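# Tertiary structure, described
Letter by letter, the chains look like this.
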Amino acid sequence: MKRWIAWLLCAAMVMSLAACGQTQSGGESATLTGKANGFGGVITATVTTEGGKITAVSFDGPNETPDLGGKALETLAAAMTEAGSVEVDLVAGATVTSNAAVAAVNNALDPEAYPYEEPAEKDDSKTLEGADLYHGLGIVSTGRQGPGSDDQEVPVYSFNTVAVQALFDGEGKIVALNVDQVEVATPNYDGDGMPHFTGYPGKGGYNYDENHDAVVDSVLEPTDESFLEEIASWQTKRERGDGYQLGSGTWTDEMNAFEQFFVGMTVDEVEAWFAANCSDSNGRPLKITDKSSEEDKAKFDALSEDEQAALADLTASATMSLRDGHGDILSAIRAAYDARKGIDVAADQIAGMGLGVVSNGRQGPGSDDQEVPVYSFNTVFAATLLDADGKLLDVYVDQVEVATPNYDGDGMPHFSGWPGQDAYNYDENHDAVVDGAIEPTDESFLEEVASWQTKRQRGDGYQLGSGTWTEEMDAFEAFFAGKTMDEIEAWFAASCSDGNGRPLKITDKSSDEDKAKFDALTEDEQAVLADLTAGATMSLRDAHGDILTALTKSVENARATA
């Protein structure tokens, strides 16, 4: 049976990759050194042998990513020492470092059979080849008043959440971007295909333009059932497809053009380009016509001929705003850079990158002390990198959960409802006692949406059973590395509770169904599950968020990185 190596603090999965190598023969003791090229630089192996058997292994890889490659080297050194051989399981999620560690030991043992090769010169082109890669996921929410009002003078409002998946090289240059957005409006918005949120049940409803002709047809009064159905139907702008037309094509076409245009720039350079080449009034790239403002004309005239030509090429296919009430794409790119993580993945392994977005509503938990129900809506964003076989090379998940202001958990983002709707109870000090009621205004609506934090952004204050939300999610991400979505879904079906979507962790309080499910697993499967649940016990699919479906969508949406 395969022996699984538990990666300390990461609860990482390991994958079976037997390393080829040999040890010295003879009865003498020897201390040997070898080297190989790792993810960040040269890895040196120090190997002690006695009687032809490895008795000790240590590695020095000062340029490896500390939390990934560094821990992998520690794990592999202990495993090789215990086994007396290089034929051990490698650590998933640190493939490049792991292979280099094996190569360094083999080089120490038999340098003629396993010679060290000097690294090739680094490719400084704006492609994936040879780049040290960083994977980022940035999420930014904004509110919008308008456009205008309906025929009964009831205002239109919306909130917009932009998600940016990004790959950066070691110099901070953008290697690839993948942008999507969830825009949700009041149901009196007259644009076809726009996702709607009518508001919370019991708070007055909202005007509804059913056939998108700018004439109100009725008033929607949300129920518990319609609340859940409405949120589950939210589509991203990419999912809205060909029906979402802008000035130069679909939203997807225009966004793809911007993504390609920014490749090779740093985020600082993107922001500098935006400041010089986009309108100060609407955030759109400058495209001068007779109707352009004097300010925009002057800004365009200040550009060089080459800059004007590049702008003309871009605006032939992309004219939408990068920062306005519809969404702050520019800030989301910055957020992706700020949240980037080093990935120990060879560039040529990456066949595609995918971004999946799933929203769902939740009733509860319960009601406040005045019997007013608690509600929330949850949007999960899953970013994945895939190899040619569909295996996940890296996973990056975050989530925006937003609740009514009577929810008593500290740090939870709030949405009190649309301006003009009935006020909602507010638990200011999170003691399960209502302190007042919030009646949303135009100003408070914008401030509230702008304050929404993701679960990662909530940081150490968001504690779960086995650590913070971020720590638990990181453990799941490491566990999923090296698996296909079919394998992950099969694991979920076999190893997670049908009642709550959590990985099985059997106690006296566990249901008979969960106990039976756990007993049906093999000893190895139970051991793997025990390792995982030491660091991750939250649900992967429940009313708090459907992480599994978001991952599935990310794989379905995957597209080439170059």
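Below is a summary of the structure that appears in this document. None of the values given here were measured: they were computed from a predicted structure.

Next up on the list: the sheet that holds strand β3 (residues 42–50). Each strand in a sheet pairs with its neighbour through backbone hydrogen bonds, running either in the same direction (parallel) or in the opposite one (antiparallel). Spatially, the three strands line up as an open sheet ordered β2-β3-β4, and their pairing is antiparallel. At either margin of the open sheet sits one strand with a lone partner, and together these are β2 (29–37) and β4 (53–60). Between one strand axis and the next, the sheet turns through 20° on average, direction left out of account. By the bridge criterion, nine bridges tie β2 to β3 in an arrangement that is antiparallel. Bridge assignment links T33 to a residue of β3, and that residue is T46.

For the rest of this paragraph, the subject is unusual backbone geometry. P147 follows G146 through a cis peptide bond whose omega is 15°. Here P147 lies in strand β6 (residues 134–149). Phi is positive for H212, close to 60°, though the residue is something other than glycine. Within the fold, H212 resides in the loop between β9 (206–208) and β10 (218–220). Phi at E371 takes a positive value of approximately 65°, unusual for a residue other than glycine. Structurally, E371 can be placed in the loop between β16 (352–367) and β17 (373–386). Looking at E371, the relative accessible area reads 63%, which means it is exposed.

Now for the sheet that holds strand β7 (residues 155–168). Taken in spatial order, the four strands line up as β8-β7-β6-β15 in an open sheet, and their pairing is antiparallel. One side of each edge strand has no neighbouring strand; the edge strands of this open sheet are β8 (174–185) and β15 (341–342). Across two bridges, β6 lies against β15 in antiparallel orientation. Counted as the bridge partner of Y134 is G342 from β15. Across the sheet, helix α9 (residues 442–450) is in contact with β6 and β7; its angle to β6 comes to roughly 170°.

This structure, assessed with the given rule, holds 35 aromatic pairs. With centroids separated by 6.1 Å and ring planes inclined at 20°, the aromatic side chains of Y200 and Y375 adopt a geometry described as stacked. With Y200 in the loop between β8 and β9 and Y375 in strand β17, this residue pair connects regions lying 175 residues apart in the sequence. Accessibility expressed as a relative area gives 1% for Y200, which makes it buried. Taking the ring centre of Y396 as reference, the NZ or CZ of K341 above it sits at 4.6 Å. Lying across the ring of F479, K483 places its NZ or CZ 3.9 Å from the centre.

Analysis parameters
Residues numbered from 1 in each chain as written. Predicted model: local features only at pLDDT ≥ 70, side-chain atom pairs only at ≥ 80, totals over all residues. Heavy atoms only, no water. Pairing = 2+ DSSP bridges. Helix = DSSP H or I, 4+ residues; strand = E, 2+ residues; numbered from the N terminus. Axes fitted to C-alpha atoms, helices over the stretch in contact; angles between N-to-C directions. Buried < 20%, exposed > 50% of the residue type's maximum accessible area, 1.4 Å probe, protein only. Contact = heavy atoms within 4.5 Å. Phe/Tyr/Trp six-rings, centres within 6.5 Å; stacked < 30°, edge-to-face > 60°. Lys NZ or Arg CZ within 6 Å of the ring centre and 35° of its normal.

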